[in-house]
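Examination of the molecular architecture
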Amino acid sequence: MKNCIFCQIANKERKAGIIYEDDLAIAFYDINPQAPYHILVIPKKHIENIFELKESDKDLIGHMFFVINKISKDLKLPYLRVVTNSGRGAGQSVFHLHFHILSGRTFHWPPG
Ligand code: 5GP
Ligand code: ZN
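If you walk through the whole model with that rule in mind, you get 5 salt bridges. Note that E21 and K44 form a salt bridge whose closest N and O atoms lie 2.8 Å from each other. Of this pair, E21 sits in strand 1 (residues 18-21) while K44 sits in the loop between strand 3 (37-43) and helix 2 (58-74); the two residues are 23 residues apart in sequence, bridging distant segments of the chain. Close ionic contact of D74 with K70 constitutes a salt bridge, the shortest N to O distance being 3.2 Å. Placement of the pair is D74 and K70 together in helix 2, with a separation of 4 residues, close to one helical turn. Judged by its relative accessible area of 33%, K70 is partly exposed. Beyond isolated ion pairs, a larger network of salt bridges with shared partners links K12, E21 and K44.

Here the zinc ion (ligand 2) is held by C4 (SG), C7 (SG), H46 (ND1) and H96 (ND1), and the distances to it run 2.0 to 2.3 Å. Coordination at the zinc ion (ligand 2) comes from 4 donor atoms whose angles at the metal span 105 to 117°, giving a geometry best classed as tetrahedral. Written as a sequence motif, the donor arrangement for the zinc ion (ligand 2) is C-x2-C-x38-H-x49-H. Here C4 falls in the buried class, since its relative accessible area comes to 8%. Assessed through its relative accessible area of 4%, C7 is described here as buried.

With that out of the way, let us pick up the pairing of strand 2 (residues 25-29). Burial within strand 2 is extensive, with 4 of its 5 residues counted as buried. Two elements, strand 1 and strand 2, share 3 bridges in a ladder whose sense is antiparallel. Looking at the pairing, Y20 lines up with A27 of strand 2. What sits between the antiparallel neighbours strand 1 and strand 2 is a turn of 3 residues. Relative to strand 3, strand 2 runs antiparallel, the two sharing 5 bridges. Looking at strand 3, one finds that I26 is bridged to I42.

Turning next to the site of ligand 1. Taken together, 17 residues surround ligand 1, and among them Y29, D30, N85, S93 and H100 come closest. Side-chain polar atom of D30 to an oxygen atom of ligand 1: 2.5 Å apart, as the coordinates give it. Protein chains shield 87% of the accessible area of ligand 1, which is 520 Å² for the free molecule. Listing elements by their share of the shell around ligand 1, those giving two or more residues are helix 1 (5-10) and strand 2. Examining the composition of the shell around ligand 1, we find that 3 residues originate from one element, helix 1, more than from any other. Taken together, the residues of the shell around ligand 1 sort by class into 8 nonpolar, 7 polar and 2 charged.

Conventions used here
- Residues numbered from 1 in each chain as written.
- Chains lettered and ligands numbered in written order.
- Predicted model: local features only at pLDDT ≥ 70, side-chain atom pairs only at ≥ 80, totals over all residues.
- Heavy atoms only, no water.
- Salt bridge = Lys/Arg side-chain N within 4 Å of Asp/Glu carboxyl O.
- Helix = DSSP H or I, 4+ residues; strand = E, 2+ residues; numbered from the N terminus.
- Buried < 20%, exposed > 50% of the residue type's maximum accessible area, 1.4 Å probe, protein only.
- Donors = N, O, S within 2.8 Å, 3.2 Å for Na, K, Ca; no water.
- Tetrahedral: all angles 85-135°; square planar, octahedral: opposite > 155°, others 65-115°.
- Pairing = 2+ DSSP bridges.
- Near = heavy atom within 4 Å.
- Polar contact = N/O pair within 3.5 Å; in protein donor to acceptor, adjacent residues only side chain to side chain.
- Areas by Shrake-Rupley, 256 points an atom, 1.4 Å probe, with all protein chains shown as cover.
- Nonpolar A, V, L, I, M, F, W, Y, C, P; charged D, E, K, R; others polar.

Following this line, the structure appears as structure tokens:
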């Protein structure tokens, strides 16, 4: 998607602090971190959010959680929170599916 900033990051048309990449997914540091560790994991393929997932995306989503597992081990995170906001009411501001990995501070529940 031409006007999607995360597609632009995936295509290297926009700079980002990339920490992991493979054929299907890419992970980079959030530009406005909400915790000492704040990383975004996205599929390279443009999918708007959870509501747009198709049955054929099942393996891709499983793969993304494996990428989250790998990053958490590489960074030796002792705990983490994974968040995906889907829809404006949930706080989604970039409409390309992404999982936030957050760590390095105490988190509260329920989230705001
Ligand atoms: P959402 O609000 O959609 O759940 O999360 C979008 C996230 O993308 C926000 O945490 C925001 O700081 C981050 N973000 C927005 N634009 C950019 C950008 O150009 N580069 C990077 N690295 N992160 C961005
Ligand atoms: Zn996109």
